[in-house]
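Architecture and fold: a report
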Amino acid sequence: MTKSVLITGASGGIGMRLAKAMISKGYHVVLHGNQHMEAISDLGGLFPEQITAVAADISTETGISKLSQAAGDCVVVLHCAGIPSAGISWKISAEEFRKVNAINYEAPFFISQQLIPAMRSKGWGRIIFFSSIVAQTGIPGTAAYSASKSALFGLTRTMASELASNGITVNCIAPGYMDEGMIREIPEAMREQIIARTPISKLSDTEGIIKMVELLLSEESNSITGQVLSVNGGLWM
Ligand SMILES: NC(=O)c1ccc[n+]([C@@H]2O[C@H](COP(=O)([O-])OP(=O)(O)OC[C@H]3O[C@@H](n4cnc5c(N)ncnc54)[C@H](OP(=O)(O)O)[C@@H]3O)[C@@H](O)[C@H]2O)c1
């Protein structure tokens, strides 16, 4: 039977690349976005049988509930939705801190929680969180973002140990500075500094994330669980 894959943040850079890869592998995909649904709609026009499109603001309970209902049969979830945040720790507002945490780790947790019963009943599932190199290193001005992305490490290990006996693996990909997506927010001069510091001397290839996801979705990966898997060009080891 064709497996269904939920990709949150499929309207974003990495999510859209993963969406196209999953479609080419024959999966049915539930593609989620929020404010930018155009690319998802275009893809839906090309592959109407394979795609369900959902717009939902996952910073709200209503949005999480709407998305979870649309994705009820999914046994794979790729949590790509996320927001960046800049702000030095003693200045960042409580509102910003809470918003970043709500979108970056509370929503992935609550969406997973809604999908776990279907995965358990089928005895198979794959949950993949998306953290960041920012959570692995100390970068000034990233308090909210790094806290939200570090929280995913704890969720990964705990949920992996809880779900292992049900055939469900839980892993976390930690991208470095990729050639796709929210890197657009970084000023050119800073991007050049990042490239200069990166051992591979370029932004990291998003294809590496796609291959990592394909591996984690395979049957052969059933022993890979509770791991944080970095794709960062050697910037953090
Ligand atoms: N790209 C990188 O270099 C990099 C590095 C480290 C970690 N990451 C992580 O990898 C993941 C994917 O990154 P990306 O670069 O592809 O990001 P991106 O291009 O900025 O896309 C972000 C996605 O999150 C969605 N989103 C934002 N706020 C939302 C909300 N309130 N409700 C629902 N959806 C919301 C956006 O939807 P709409 O646009 O439709 O509103 C979009 O689909 C993120 O979790 C990011 O933190 C990326």
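Structural notes, computed from the coordinates. Note that the structure is predicted; figures quoted are calculated from it, not measured.

Pairing geometry for strand S2 (residues 28–33) and strand S3 (residues 51–55), over five bridges, is parallel. Following the sheet pairing, Leu 31 is matched in S3 by Ala 53.

Between the first and last C-alpha of helix H5 (residues 143–163) there are 30 Å, a value that for 21 residues agrees with the 30 Å anticipated at 1.5 Å per step. Within H5, burial applies to Ala 144, Tyr 145, Ser 146, Ser 148, Lys 149, Leu 152, Phe 153, Leu 155, Thr 156, Met 159, Ala 160 and Leu 163. Where H5 is buried, its residues meet helix H4 (94–122), strand S5 (125–130), strand S6 (168–175) and strand S7 (228–231).

With that settled, consider the sheet that holds S5. Taken in spatial order, the seven strands line up as S3-S2-S1-S4-S5-S6-S7 in an open sheet, and their pairing is parallel. Looking at the sheet topology across the chains shown, the edges are occupied by S3 and S7. Neighbour to neighbour, the strand axes of the sheet diverge by 15° on average, direction disregarded. Strands in contact with helix H3 (residues 61–70) are strand S1 (4–8), S2 and S3; relative to S3, the strand with the most contacts, it is inclined by about 170°.

Taken as a whole and judged by the stated rule, the model has one aromatic pair. Sitting above the plane of the Trp 124 ring, Lys 3 keeps its charged end 4.3 Å from the centroid.

If you walk through the whole model with that rule in mind, you get zero disulfides. Its sulfur unpaired, Cys 74 is 13 Å from the next cysteine sulfur, which belongs to Cys 80. Cys 172 carries a free sulfur, and the closest cysteine sulfur to it, the one in Cys 80, is 11 Å from it. Classification of Cys 172 as buried rests on a relative accessible area of 0%.

Moving on: the layout of surface pockets. Considered as a void within the structure, the largest pocket measures approximately 1,300 Å³ in volume. If you go around the largest pocket, you meet 50 residues; those closest to its centre are Gly 82, Ile 83, Pro 84, Tyr 145 and Met 182. Of all elements in the fold, only helix H1 (13–24), S2, H5 and helix H6 (188–197) reach the threshold of two or more residues within the lining of the largest pocket. The element best represented in the lining of the largest pocket is H6, accounting for four residues. Classifying every residue of the lining of the largest pocket gives 24 nonpolar, 20 polar and six charged.

Within the fold, Pro 84 resides in the loop between strand S4 (76–79) and H4. A residue is classified by how much of its surface remains accessible, and Pro 84, at 38% relative accessible area, is partly exposed. Apart from the residues lying within four places of it in its own chain, the contact partners of Pro 84 are Tyr 145, Met 182 and Glu 185.

So, about the site of the ligand. In the vicinity of the ligand there are 31 residues, among which Ser 11, His 36, Tyr 145, Lys 149 and Met 182 approach most closely. Between the ligand and the protein, one listed contact pairs an oxygen atom with a backbone N or O atom of Gly 9 at 3.3 Å. Contact between the ligand and Lys 149: an oxygen atom at 2.7 Å from a side-chain N or O atom of the residue. Relative to its unbound accessible surface of 900 Å², the ligand loses 92% to contact with the protein. Judged by its atoms lying within 2 Å of the grid points, the ligand is housed in the largest pocket. Tallied by class, residues from the shell around the ligand come to 13 nonpolar, 14 polar and four charged.

What counts as what
- Residues numbered from 1 in each chain as written.
- Predicted model: local features only at pLDDT ≥ 70, side-chain atom pairs only at ≥ 80, totals over all residues.
- Heavy atoms only, no water.
- Pairing = 2+ DSSP bridges.
- Helix = DSSP H or I, 4+ residues; strand = E, 2+ residues; numbered from the N terminus.
- Expected span 1.5 Å × (residues − 1).
- Buried < 20%, exposed > 50% of the residue type's maximum accessible area, 1.4 Å probe, protein only.
- Contact = heavy atoms within 4.5 Å.
- Axes fitted to C-alpha atoms, helices over the stretch in contact; angles between N-to-C directions.
- Phe/Tyr/Trp six-rings, centres within 6.5 Å; stacked < 30°, edge-to-face > 60°.
- Lys NZ or Arg CZ within 6 Å of the ring centre and 35° of its normal.
- Disulfide = S-S within 2.5 Å.
- 1 Å grid on protein atoms, 1.4 Å probe; cavity = no way out; pocket = protein on both sides within 12 Å on 5 of 7 lines; lining within 4 Å.
- Points joined across faces, edges and corners; volume = space filled by probe spheres on them.
- Nonpolar A, V, L, I, M, F, W, Y, C, P; charged D, E, K, R; others polar.
- Near = heavy atom within 4 Å.
- Polar contact = N/O pair within 3.5 Å; in protein donor to acceptor, adjacent residues only side chain to side chain.
- Areas by Shrake-Rupley, 256 points an atom, 1.4 Å probe, with all protein chains shown as cover.
- Sits in = over half its atoms within 2 Å of the grid points.

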